[in-house]
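Structural overview for review
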There are 2 protein chains.
Amino acid sequence: MTIETLDGLAERSPGVTAAAGFRASGITAGLKSSGRPDLALVVNEGPSQVAAAVFTTNRVVGAPVVWSRQAVADGVVSAVVLNSGGANVCTGPDGFLDVHRTAEKVGAVLELSPGDVVVCSTGLIGEPLPIGKVLAGVDVAVSALSRTGGYDAAVAIMTTDTVPKTAHLTVPGDQGEWTVGGMAKGAGMLAPGLATMLCVITTDAVIDVETAQAALRSAVSQTFDRIDSDGCMSTSDTVTLLVSGASRAVPDPAGFTAALTQVCAQLSRALIADAEGASHDIAVTVMNASTEAAGLAVARAVARSNLFKAAMFGNDPNWGRVLAQVGTVPESVAPYDPDQLDVTINGVQVCKSGGAYQPRTDVDLAASREVHVLIDLHAGSEVVTVWTNDLTHDYVLENSAYST
Amino acid sequence: MTIETLDGLAERSPGVTAAAGFRASGITAGLKSSGRPDLALVVNEGPSQVAAAVFTTNRVVGAPVVWSRQAVADGVVSAVVLNSGGANVCTGPDGFLDVHRTAEKVGAVLELSPGDVVVCSTGLIGEPLPIGKVLAGVDVAVSALSRTGGYDAAVAIMTTDTVPKTAHLTVPGDQGEWTVGGMAKGAGMLAPGLATMLCVITTDAVIDVETAQAALRSAVSQTFDRIDSDGCMSTSDTVTLLVSGASRAVPDPAGFTAALTQVCAQLSRALIADAEGASHDIAVTVMNASTEAAGLAVARAVARSNLFKAAMFGNDPNWGRVLAQVGTVPESVAPYDPDQLDVTINGVQVCKSGGAYQPRTDVDLAASREVHVLIDLHAGSEVVTVWTNDLTHDYVLENSAYST
C-alpha cells in the first residue's frame, strides 16, 4: 500500500468529504452562546449505505448514544447529524424524545428513514438541548450540504478544541484508487475504552458490513483506545464509519483496515495535540512486555499518573514517578522484575536496572512539545504506546471554570 | 467504650508517646537542605515488644520496605527509625546496605537486635541517602529520646506536610485505662492499597501478635485505604504498630480494633486536610451499594476523576462529571441502574433518577473546605466513604517544581 496523500491538519482539509459519495455541512444553529458553528451534517449518497460504529463503554450514556446504537445495528446509516453546545446526557425521557425528533427531522428533509440517521451530541451534561434551534438548524444544514463541506462540518463539532481535526488518505488499487477521510472533536475527557470524542469517518471503497465492523473495531483499539489525556471516560463517545462505495474499488480487508487505522491514528494524534491546557504531548512506550495487554496496562498506569504528568509540565524527567506507577500494575497482569526496569526519556537513559543511570539533568524537556518515555520491562517482546498529556495550570483552569 | 481524650492536631499533642512505655525523639541530621528536623526515633521500652506492620502493595519498593518486612515478620519490633529528606528507593544494593547499617547503628547504641529495628524513609526516589549523616543523626536521636518526644518525632518525618499529624485516644477498662497514639506524614501520593505515608502507632494495651496484626489490617482497610488524594501509590508506605503492654490492661480485641481504627481515622483525616495544594477536602459517600466492594469501587472512581476534582476546585457542583465516573465502573463490580442514580452535594440533591433535579446553583461550595458528595445507587444497603481532595493550581505547582 502506498500513501498518496496525508494532509492531516492542512487548512480546509476535506475530512469527511475527501471520499467520493459524501456531502457535508457545518452551520450555526445557535446552541452555543459564543455564536460559533454548532451543527454538522454528513450524508452518504451511496451507492452503498454500509456503516459501522463504536460507542463509549460508559454505563451512563447520553440519549444520542442509546438512539445511535439502534440506528447502526442493521449496518445501514444514511446520515450523521452532530451538534456541539450540549451533550443531551442525563436528560431523561425528554432528552431521548429530542434525539428522536432530530432524526425524524433529518429523515423528513432528506427523504431518508429516521432509523438510518445517527445522532451525536457533545457539551455539558444534564442540560436539555434547545430542540427548536436544533430542528431549525437541520433545515439550514441540509441546504448547506456540499461535496466540499467536510471542513465546515469539522469546525461545527468543536467544543474546547482550538483547531478542527481532519485527516484523509487515498490509496491506489488494481481497480482504481479509494479514499478514507474523517473528522473528530475532543480536547478533554480522553480516556481508553474509548477515547472520548465524536468522530465520523467516510470511505468510497466498496466494503461489506462485516469487514467495516471488524476494521473499525481493530483501528479504534490501536488508536483512539490508546490516547488518554486525563483518564476520564465520557458518556458520549461515538465513532461512525460510513461507506459509500462510490469509487467502485474493492480493497482487500487488511489493506482497508491499515488505511482506516492510519486515518484514526492521525485524528488521535490531533486530539492529543489539542488537549485542554497541555504543554507536552507524551508518548509512553512500553517495550519487551510479555503480552500486548501487559504493555498496555503498564503504559496506561504511567499515562494516568498525576504526579508523573505534573513533573512533565515542570520539565522534570522524574523517572522515580514512572517506576512508582509501573509498580502499581499487578504481577498477574504484567510480569516483570522491578530490578530489571530501564527508563529512557527523550533518548537519555535515566534509569537502568531499577536504579539511577545517566543524570536526569541530561534530559532537556523544555525544548520540545513531544516527550518520549520508553520503559523496558525485559519480560517479552511486545511494544505498546499510549499517548497522553502533561498536567498543567491551564488544564485545572479550563476544567474548574464554572460550567453554567 | 468511652472516649476519654482525642486531641487530634492539638499543639504538641504527644502522638507516639501518649501511651506508656515509649520514648521518642525528632532531630536534625542534615538530610534536608532546609535544615529542618529530618530524623525520628521511636523506642518501645516494653515490657511487651509485640508489633505488626502494613506496607505498600507497590511492586517497586524502597530498600527500607524490603528490610522492614523482614524485621517485623517475627512479630517483634523494639524501635522504629524514620527519616525524611530521601526515600532510598531505586538505589540498588548500596541502598539496601544503607538501611542495614542504619538498623545496625540503632541496635548498637540502644543495645537491641538490628533485626528488631524497623527503618522508614521518605523523600525523592532515586537518590542515595547521605548515610554518614544518618548514622551520626542516630546518636543525636538516641540522646534526645524522651517520654514526651512524640511531637518532635512527628515534626521530623514531615516532607511537604505543613503541619505534624498526631492523634491519641485513652480508653477506660476493667483493668485500668489504656491508650493508643500515633503519628503520620504524607501530603501527596496518597492512594488506596495503601494510602502513601509513614505512620507509627503505639499502645500500652496488652495485645498478642495475632490480635495486633488483625486489628491493624482491619483499621488500615477502613481508614488509610480509603483516602485518595491523587491516585498515586507510593513505594514506601509503612504503618507500624508497636505494643508495649505497659498499662497491663488487656482490652477485648473488638474494643482495641475500634480504638485503633479511630486513631487511624483521625490521622487519615489529617493527611487529607493537609494534602498538597488542596482547597477542598471531599468526602465521596456511596450509599445503598450492593456490596462494600461495589461501593468502594464507585467511590474511588469518582475520587480519582481529574475532571470532577477540577470542578470542585472551581466550586462547581458538576454532578454530570460524578455520573460519568460512576458509569465507568463495570456492572460485574457494582450493579446499579443508571436511571436510578441520585446525587446530593452538600445537602442539595442536584440529580434524581439520573437527571437534573434541584438547581446546581443552590449549592454553595465556596463557603466550606469540606464537600460532601452523596451518591445513592439504589442497589443494596452498604455505605462506603472515600476522602479525596480537589485538583488545584497549587497541586500542579508543587508537583511540577523541579525535583533537584
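Predicted model only: the values in this text are computed from it and were never measured.

**What about the overall build of chain A?**
Each helix and strand counted, chain A has 10 helices and 15 strands in total. Projecting the C-alpha coordinates of chain A onto the three principal axes gives extents of approximately 65 × 55 × 40 Å. With 404 residues in all, chain A has 61% of them scored as buried. Residue pairs at least 24 apart in sequence account for 80% of intrachain contacts in chain A once pairs closer than 6 positions are excluded.

**Observations regarding the pattern of salt bridges**
Scanning all chains against the criterion turns up 22 salt bridges over all chains. Asp-316 of chain B is the salt-bridge partner of Arg-360 of chain B, the closest N and O atoms lying 3.5 Å from each other. Here Asp-316 of chain B lies in the loop between α8 (306-313) and α9 (319-326) and Arg-360 of chain B lies in the loop between β13 (355-356) and β14 (370-376), a separation of 44 residues in the sequence. The structure contains a network of salt bridges with shared partners spanning Arg-269, Asp-281, Arg-369 and Glu-370 of chain A.

**As for the packing of aromatic side chains**
Residues and elements named next belong to chain A. Evaluated as defined, the whole model comprises 4 aromatic pairs over all chains. Relative to Phe-96, the ring of Trp-67 lies with its centre 6.2 Å away and its plane at 55 degrees, an arrangement referred to as tilted. Placement of the pair is Trp-67 in helix α1 (residues 63-72) and Phe-96 in helix α2 (residues 92-110), with a sequence separation of 29 residues. For Phe-96, a relative accessible area of 31% translates into the label partly exposed. We note Arg-269 situated over the ring of Trp-387; from NZ or CZ to the ring centre the distance is 4.1 Å. Directly above the aromatic system of Tyr-357 lies the positively charged group of Lys-352, at a separation of 5.8 Å from the ring centroid.

**Let's talk about helix α5 (residues 209-222) of chain B**
Residue and element names in this part refer to chain B. For α5, spanning 14 residues, the distance from its first C-alpha to its last is 20 Å, which sits close to the expected 20 Å at 1.5 Å a residue. Every buried residue belonging to α5 is among Thr-211, Ala-212, Ala-215, Leu-216, Ala-219 and Val-220, and all of these are buried. Each buried residue of α5 sits inside an arc of 150 degrees when the element is viewed along its axis, so together they form one side. Exposed residues pointing more than 90 degrees away from the buried face of α5 are listed as Glu-210 and Arg-217. Contacts from the buried residues of α5 go to β3 (50-55), β9 (238-243) and α6 (253-273).

**Quick notes on the sheet that holds strand β5 (residues 117-121) of chain B**
Strand pairing in a sheet takes place through backbone hydrogen bonds and is either antiparallel or parallel in direction. All names here are of chain B. Pairing within the open sheet is mixed, and its 4 strands lie in the order β1-β2-β4-β5. The open sheet has two edge strands, β1 (22-27) and β5, and neither has a second partner. Averaged over all pairs of adjacent strands, the angle between their axes in this sheet comes to 10 degrees, without regard to strand direction. Running at roughly 135 degrees to β5, helix α2 (residues 92-110) makes contact with β2 (39-44), β4 (79-83) and β5 of the sheet. Contacting β1 and β2, helix α3 (residues 131-143) crosses the sheet at an angle of about 50 degrees to β2.

Reading the values: rules and limits
- Residues numbered from 1 in each chain as written.
- Chains lettered and ligands numbered in written order.
- Predicted model: local features only at pLDDT ≥ 70, side-chain atom pairs only at ≥ 80, totals over all residues.
- Heavy atoms only, no water.
- Helix = DSSP H or I, 4+ residues; strand = E, 2+ residues; numbered from the N terminus.
- Buried < 20%, exposed > 50% of the residue type's maximum accessible area, 1.4 Å probe, protein only.
- Contact = heavy atoms within 4.5 Å.
- Salt bridge = Lys/Arg side-chain N within 4 Å of Asp/Glu carboxyl O.
- Phe/Tyr/Trp six-rings, centres within 6.5 Å; stacked < 30°, edge-to-face > 60°.
- Lys NZ or Arg CZ within 6 Å of the ring centre and 35° of its normal.
- Expected span 1.5 Å × (residues − 1).
- Arc of directions from axis to C-beta.
- Pairing = 2+ DSSP bridges.
- Axes fitted to C-alpha atoms, helices over the stretch in contact; angles between N-to-C directions.

Keep in mind these numbers describe shape, not what the thing actually does.
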